[in-house]
Amino acid sequence: MKFQEFLERYIHVRPCPGCTSRVSWEHAEDAFCTECREKWDRAKTESCKNCFQAYSDCVCMPKRLEHAGALVLRKLLRYSSKRQKEPQNRILYVLKRKPNRRYSRFLASELLPLVREELKALEIESSEALLTYIPRGRKSNIKYGTDQSESVTRALSVLCEVPFANTLHRKWGGKEQKRLSARERQKNLRQLFSVEDPSLVKGKVVLLFDDVVTSGASMATCVSLLKKAGASAVLCFCVAQTE
Ligand SMILES: [Zn+2]
Ligand SMILES: [Zn+2]
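The sections below set out a description of the structure shown in this document. (Residues numbered from 1 in each chain as written. Chains lettered and ligands numbered in written order. Predicted model: local features only at pLDDT ≥ 70, side-chain atom pairs only at ≥ 80, totals over all residues. Heavy atoms only, no water.)

### Some points on the coordination of the zinc ion (ligand 1)
What counts here: Each metal site is built from N, O and S donor atoms within 2.8 Å (3.2 Å for Na, K and Ca), and since water is not included, such sites may look incomplete. Every helix listed is a DSSP run of H or I at least four residues long, and every strand listed is a run of E at least two residues long, numbered separately from the N terminus. Whether a residue is buried, partly exposed or exposed follows from its accessible area with a 1.4 Å probe, protein chains only, as a fraction of its type maximum: under 20%, in between, or over 50%, in that order.
The zinc ion (ligand 1) binds to the protein through C16 (SG), C19 (SG), C33 (SG) and C36 (SG), with metal-donor distances spanning 2.3 Å. Here the donor residues of the zinc ion (ligand 1) are spaced in sequence according to C-x2-C-x13-C-x2-C. Of this pair, C19 sits in the loop between α1 (3-11) and α2 (34-45) while C36 sits in helix α2; the two residues are 17 residues apart in sequence, bridging distant segments of the chain. When its relative accessible area of 4% is taken as the criterion, C36 is described as buried.

What follows is the structure, given as structure tokens:
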């Protein structure tokens, strides 16, 4: 056994983000252990209650996102806060707290076919498009030292060869969304985000990423802002959508 192989087999062991069991040497390139990978793949085939298609094929989106002018919302699977122990929840949880290039790359490679499909369907060249993400609050950014959406978007940009840009700016603070009424939330969100440099997005097809889409309110706000800044179309992508 070569020294490098020895190191990787016995020293550089790493836990699976889904179940914390050791990931075997043969699966060193995958994010999950075999069992969790199977669960992850099964979750992608779970069917949407609205269109009955597998989640990874479903294009249903919250009404407000439609109204904001998003062309499509693609996702890999369904998110449920009740499934904390499932690998899909675990990987998002882990990534939120600690930067991990392997997990970001894994999620990006899973999203890649969806991005390619959409670009192909709309006959858009990679160079006409732009990849961007919804920034998380600065407080959590400082606390955890990472923005998981940014790292996944950057990894995706490398894979699909669509240029990456930081287009959305999120202000400090802002009121806590939970305590506000629906109307106040909308107003709060509109004040929270802005496009600092419209020339970046003008005339571009913008691919907008967020890790989890729940009500779609933040995403809808960002879609409107990007369109107002001159984006010719906005396509949305996420890892998971809450039902
Ligand atoms: Zn596992
Ligand atoms: Zn659907």
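From this point, things continue past the structure.
### Re the coordination of the zinc ion (ligand 2)
Basically, it comes down to this: The geometry test gives tetrahedral to four donors whose angles all lie between 85 and 135 degrees, gives square planar to four donors and octahedral to six donors whose opposite members are over 155 degrees apart with all other angles between 65 and 115, and gives irregular to the rest.
For the zinc ion (ligand 2), the protein coordination sphere consists of C48 (SG), C51 (SG), C58 (SG) and C60 (SG), at 2.2 to 2.4 Å. Each of the 4 donor atoms bound to the zinc ion (ligand 2) contributes to angles spanning 105 to 115°, and the resulting shape is tetrahedral. Positions of the donor residues of the zinc ion (ligand 2) along the chain correspond to the pattern C-x2-C-x6-C-x1-C. You can see C48 sitting in the loop between α2 and α3 (63-68) and its partner C60 sitting in the loop between α2 and α3, a full 12 residues away along the chain. The burial state of C48 is the same as that of C60; both residues are buried.

### Section: the nonpolar core
Note the threshold: Residues grouped as a nonpolar core are buried Ala, Val, Leu, Ile, Met, Phe, Trp, Tyr and Cys residues, joined through side-chain atoms within 4.5 Å. Contacts were defined at the residue level, with two residues in contact if any of their heavy atoms lie within 4.5 Å.
By size, the foremost hydrophobic cluster in this structure holds 41 residues, and its most contacted members are W40, I91, L107, L207 and V239. Taken together, the elements giving at least two residues each to this core come down to α2, β1 (72-79), α4 (87-97), α5 (101-121), β2 (129-133), α7 (148-160), β5 (205-213) and β6 (233-242). If you tally residues by element for this core, the top one is α5, at 9 residues. In this view, L107 contacts W40, L76, I91, L92, L95, V152 and V239; residues no more than four positions away in its chain are not counted. If you look at the next biggest cluster of nonpolar residues, it comprises 29 residues, including L130, I134, L189 and C238.

### A few points about the packing of α5 against α7
To keep it simple, the criterion reads: As a rule, the C-alpha atoms of each element are fitted with a line to give its axis, helices using only the stretch in contact, and angles between N-to-C directions run from 0 to 180 degrees. In this scheme, roughly parallel covers angles under 35 degrees and roughly antiparallel covers those over 145, while 65 to 115 is roughly perpendicular and the rest are oblique. Whether a crossing is left-handed or right-handed is set by the direction in which the near helix is turned from the far one by less than a right angle, anticlockwise for left-handed and clockwise for right-handed. Residues are grouped as follows: Ala, Val, Leu, Ile, Met, Phe, Trp, Tyr, Cys and Pro are nonpolar; Asp, Glu, Lys and Arg are charged; all remaining types, including Gly, are polar.
Relative orientation of the contacting elements α5 and α7 amounts to 55°, with a least axis distance of 8 Å. Judged on the interaxial angle alone, α7 and α5 are oblique. As α5 packs across α7, the resulting crossing turns out to be right-handed. Of the residues in α7, those touching α5 at S104, R105, L107, A108, S109, L111, L112, V115 and R116 are S151, V152, A155, L156, L159 and C160. Residue composition of the contact of α5 with α7, by class: 10 nonpolar, 3 polar and 2 charged.

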